[in-house]
Amino acid sequence: MPWESIIRWRESTIFILIFGVLQTCFSQGAPTLESLLVSRGYDRFLRPSFGGPPVQVDMSMTISSIDQISEVNMDYTITVFLRQYWRDERLAFAGSNHSLSLDGRLAEKLWVPDTFIPNAKESFLHKVTVDNKLIRLFPDGGILYGMRITAKAECNMDLKKYPMDSQNCTLGFESYGYKTEDIRFRWKAGNASIYGVESLQLQQFKIGSYNVINGMATYESGDYSNVKFCFLLHRQAFYFIFQTYIPSLLLVVLSWVGFWINAEAVPARVALGITTVLTMTTLIGGARATMPKISYIKAIDVYLITCFLFTFAALVEYAAVNFRSSIKKMKEAKRKMATEKKCRNKIRANMTGLHCVDEQENNHEKRHTILDIDMADDGTVGQGARMDGQRLRRTTSKKIGVTFANGVRHLVRSVSQVQMVRADVASIDRYSRWGFPLCFLLFNLSYFLHYTEPWQGWLT
């Protein structure tokens with residue numbers, strides 16, 4: 001037993017000594033990446049070819065998603081995989097023809113372009129589970145630097161044709177501190193530098209044509225190189241057709257139902273007109289709540305306001321019908337009272353007249369009948385006069401006035417006059433039944449022909 005413990009103690013002691021020697025050797029002589037960079041005189045604060053020609057930075061990009069396109073804030077959110085290529089001779093190595101994939105955190109120890117997005121309101125790099133960066137080093141000193149970026153970028157929109165509009169949005173990249181004498185940006189392969197556009201799925205828009213631009217921005221501090229990705233967004237209007245256009249159209253058609261309702265049904269027609277006007281007002285308010293407060297009128301505003309005017313005109317049409325009917329009735333009542341007064345005055349002036357007929361209603365008949373007293377030559381009343389006198393007494397015994405025949409004629413004339421008023425009032429509704437739909441149809445044709453550009457942009 002003592003010999004076994006002595007052997008174990010010697011083995012553990014030898015292991016500890018060997019481990020200490022190896023650790024000392026590696027800590028003193030084993031080269032690290034930092035030591036290699038220092039030995040080459042690498043300074044990450046100086047750009048490649050410092051003091052010489054500008055660094056050429058090529059770019060390519062894969063679009064992951066475009067969403068949250070906001071007309072109110074005039075911006076959109078985009079997620080991209082941005083890749084930048086440049087060459088740094090200080091990092092060239094020999095002995096291998098293969099590129100080296102390095103940890104993305106190494107970017108903190110290397111010089112990288114100070115790229116930023118000039119039209120971004122907010123932007124960030126993804127860091128789950130680690131920083132979404134990659135660095136690939138090539139033997140000739142070429143570097144590929146990739147990162148995943150999400151940015152909320154500004155997009156100035158022209159909403160005059162909303163919701164049948166097309167918007168041109170851009171995403172730019174620019175050097176923040178290096179002027180054109182130090183760094184130049186360009187797209188690596190033109191439009192072929194953009195990937196993933198065909199596979200994008202947007203809720204309300206459809207991606208149209210796109211283009212890339214190599215340019216330069218001028219500021220007070222100098223000229224800076226930049227690149228831009230421009231793309232066209234075609235709005236798909238089917239949502240607005242079912243949400244706004246069809247309901248407003250049906251409300252206008254509903255307001256026309258009053259033209260087939262009897263003009264004397266005042267509660268029905270007034271309630272229908274007011275309901276359509278108020279519903280149209282609510283629809284306009286809901287549509288404008290989701291839109292920015294801009295100083296010019298939009299296409300959807302034109303349609304909604306016109307539909308509101310049509311519903312309001314239908315209500316005003318009934319007001320005209322009712323006013324026309326009231327005027328006719330007032331005129332007829334005044335004329336009737338004047339005629340009766342005239343008849344009474346004539347009866348008082350000439351008691352021999354028993355009948356009084358309205359002069360304005362029968363121009364071809366006798367206006368009034370007078371019982372002429374038949375006087376004999378000797379001044380006595382003749383036989384005809386006596387017979388008329390007897391008839392006069394019978395009539396006066398029944399309270400001199402209109403006879404039964406005159407009463408019937410008066411009733412018939414009154415009914416015919418009311419029918420004439422109704423026929424005149426009904427003609428307004430009859431003209432409105434085809435006039436309103438025809439005007440609304442012409443408006444719709446001119447509206448959609450003017451604002452849809454092109455038809456395929458929002459119907460497909």
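Being a predicted model, the structure only gives us computed values, none of them experimental.

## A few points about the overall build of the protein chain
The number of helices and strands found in the protein chain is 8 helices and 14 strands. With an accessible surface of roughly 28300 Å², the protein chain has 61% of that area assigned to carbon and sulfur atoms.

## A word on the packing of aromatic side chains
One pass over the full model with this rule turns up 26 aromatic pairs. Arranged with centres 5.2 Å apart and planes meeting at 85 degrees, the rings of Tyr-239 and Phe-240 form a pair that is edge-to-face. With centroids separated by 6.2 Å and ring planes inclined at 50 degrees, the aromatic side chains of Tyr-245 and Tyr-447 adopt a geometry described as tilted. Pair noted here: Tyr-245 is in helix H3 (residues 238-255) and Tyr-447 is in helix H7 (residues 404-451), with a separation of 202 residues, a long-range link.

## Regarding the side chain of Ser-255
Structurally, Ser-255 is set in helix H3. Judged by its relative accessible area of 7%, Ser-255 is buried. Within polar-contact distance, the side chain of Ser-255 engages the backbone oxygen of Val-252 at 2.5 Å.

## Description of the pattern of salt bridges
Oppositely charged side chains can pair when the atoms bearing their charge come close. Scanning all chains against the criterion turns up 11 salt bridges. Across the salt bridge formed by Asp-182 and Arg-47, the nearest N and O atoms sit 3.4 Å from each other. One end of the pair, Asp-182, is in the loop between strand S8 (166-175) and strand S9 (183-187); the other, Arg-47, is in the loop between helix H2 (33-39) and strand S1 (55-70), with 135 residues separating them in the sequence. In this structure Asp-182 comes out as partly exposed when scored by relative accessible area, which is 25%. Residues Arg-235 and Glu-71 are paired through a salt bridge, measuring 2.5 Å at the closest nitrogen-oxygen approach.

## As for the nonpolar core
Nonpolar side chains in soluble globular proteins generally cluster together in the buried interior. Grouped together as the largest cluster of nonpolar side chains are 75 residues, with contacts concentrated most on Ile-63, Ile-66, Tyr-76, Leu-171 and Phe-229. Those residues in contact with Leu-171, other than ones at most four positions away along the chain, are Met-61, Tyr-76, Ile-78, Val-80, Ile-117, Asn-119, Ala-153, Val-227, Lys-228 and Phe-229.

## Focus on the pairing of strand S7 (residues 142-154)
Every other side chain in a regular strand lies on the same face of the sheet, so the side chains alternate between the two faces. Counting buried positions over the 13 residues of S7 gives 10, a clear majority of the element. For strand S5 (residues 120-125) and S7, the ladder comprises 5 bridges, and the chain directions are antiparallel. Bridging across to S7, Ala-120 finds its partner in Ala-153. With 5 bridges joining them, strand S6 (residues 133-137) and S7 adopt antiparallel strand pairing. Counted as the bridge partner of Leu-137 is Ile-143 from S7.

## Some details on the environment of Trp-187
In this fold, Trp-187 is placed in strand S9. Separated by 127 residues in the primary sequence, Trp-187 and Ser-60 place their C-alpha atoms 6.2 Å from one another. Apart from residues no more than four positions distant in its own chain, Trp-187 is found in contact with Met-59, Ser-60, Met-61, Phe-173, Ser-193, Ile-194, Val-212, Ile-213, Asn-214, Val-227, Lys-228 and Phe-229. In this structure the side chain of Trp-187 is engaged in a polar contact, spanning 3.2 Å, whose partner is the backbone oxygen of Lys-228.

## Some points on the state of the cysteines
Tallied over the full model, the rule gives 1 disulfide. A sulfur-sulfur distance of 2.0 Å marks the disulfide that ties Cys-155 to Cys-169. On the sign convention where negative means left-handed, the S-S torsion of about -80 degrees between Cys-155 and Cys-169 marks this disulfide as left-handed. On the criterion of sequence distance, the pair formed by Cys-155 in the loop between S7 and S8 and Cys-169 in strand S8 is long-range, its members being 14 residues apart. With respect to class, Cys-155 is no different from Cys-169; both count as buried. Here Cys-230 stays free of any disulfide, with the sulfur of Cys-169 as its closest cysteine sulfur at 9.6 Å. Given the relative accessible area of 13%, Cys-230 is considered buried.

## What about the confidence of the model for the protein chain?
Averaged over all residues, the pLDDT of the protein chain equals 78, while 73% of them reach at least 70. Across residues 353-386, where pLDDT falls below 50, the model places 45 contacts with residues more than four positions away in sequence or in other chains. Segment residues 395-402: pLDDT under 50, and 5 contacts once partners within four positions in sequence are set aside and those in other chains are kept.

## Regarding a nonpolar patch on the surface
On the surface, Tyr-431, Trp-434, Leu-438, Leu-441, Leu-442, Leu-445 and Leu-449 cluster together into a nonpolar patch covering about 780 Å² of accessible area. Among the secondary structure elements, Leu-449 is positioned in helix H7. With relative accessibility at 59%, the residue Leu-449 sits in the exposed group.

## What about H3?
With 18 residues, H3 extends 25 Å from end C-alpha to end C-alpha; this agrees with the ideal 26 Å at 1.5 Å per step. The largest bend in H3 is about 35 degrees, located at Tyr-245, with the proline Pro-247 one to four residues further on.

## Focus: the sheet that holds strand S12 (residues 222-235)
Reading across the sheet, the 4 strands line up as S4-S8-S12-S11 and stay open at both edges, with antiparallel pairing between neighbours. One side of each edge strand has no neighbouring strand; the edge strands of this open sheet are strand S4 (115-116) and strand S11 (205-219).

## Brief notes about the packing of H3 against helix H4 (residues 266-289)
Their axes nearest at 9 Å, the elements H3 and H4 cross at an angle of 165 degrees. Comparing the axis directions of H3 and H4 gives the class roughly antiparallel. H4 is crossed by H3, and the crossing has left-handed handedness. Touching Gln-243, Thr-244, Pro-247, Ser-248, Leu-251, Leu-254 and Ser-255 of H3 are Leu-272, Thr-276, Thr-279, Met-280 and Leu-283, all from H4. Here the contact of H3 with H4 is built from residues that sort into 6 nonpolar, 6 polar and no charged.

## Concerning empty space enclosed by the protein
Applying the stated criterion to the full structure yields 2 cavities of 30 Å³ or more. By volume, the largest cavity amounts to about 60 Å³. In this structure, the largest cavity is lined by Ser-255, Gly-258, Phe-259, Arg-269, Leu-272, Gly-273, Ala-314, Leu-315 and Tyr-318. For the lining of the largest cavity, the secondary structure elements donating two or more residues are H4 and helix H5 (299-349). A class-by-class count of the residues in the lining of the largest cavity yields 5 nonpolar, 3 polar and 1 charged.

Thresholds, definitions, all that
Residues numbered from 1 in each chain as written. Predicted model: local features only at pLDDT ≥ 70, side-chain atom pairs only at ≥ 80, totals over all residues. Heavy atoms only, no water. Helix = DSSP H or I, 4+ residues; strand = E, 2+ residues; numbered from the N terminus. Areas by Shrake-Rupley, 256 points an atom, 1.4 Å probe, with all protein chains shown as cover. Phe/Tyr/Trp six-rings, centres within 6.5 Å; stacked < 30°, edge-to-face > 60°. Buried < 20%, exposed > 50% of the residue type's maximum accessible area, 1.4 Å probe, protein only. Polar contact = N/O pair within 3.5 Å; in protein donor to acceptor, adjacent residues only side chain to side chain. Salt bridge = Lys/Arg side-chain N within 4 Å of Asp/Glu carboxyl O. Core = buried A, V, L, I, M, F, W, Y, C linked by side-chain atoms within 4.5 Å. Contact = heavy atoms within 4.5 Å. Pairing = 2+ DSSP bridges. Disulfide = S-S within 2.5 Å. pLDDT = per-residue confidence, 0-100. Patch = residues over 30% accessible without salt bridge, like charges linked within 9 Å, V, L, I, M, F, W, Y side chains within 5 Å. Expected span 1.5 Å × (residues − 1). Bend = angle between axes of the 7 residues up to and from the residue. Axes fitted to C-alpha atoms, helices over the stretch in contact; angles between N-to-C directions. Parallel < 35°, antiparallel > 145°, perpendicular 65-115°, else oblique. Left-handed = near helix turned anticlockwise from the far one by under 90°. Nonpolar A, V, L, I, M, F, W, Y, C, P; charged D, E, K, R; others polar. 1 Å grid on protein atoms, 1.4 Å probe; cavity = no way out; pocket = protein on both sides within 12 Å on 5 of 7 lines; lining within 4 Å. Points joined across faces, edges and corners; volume = space filled by probe spheres on them.

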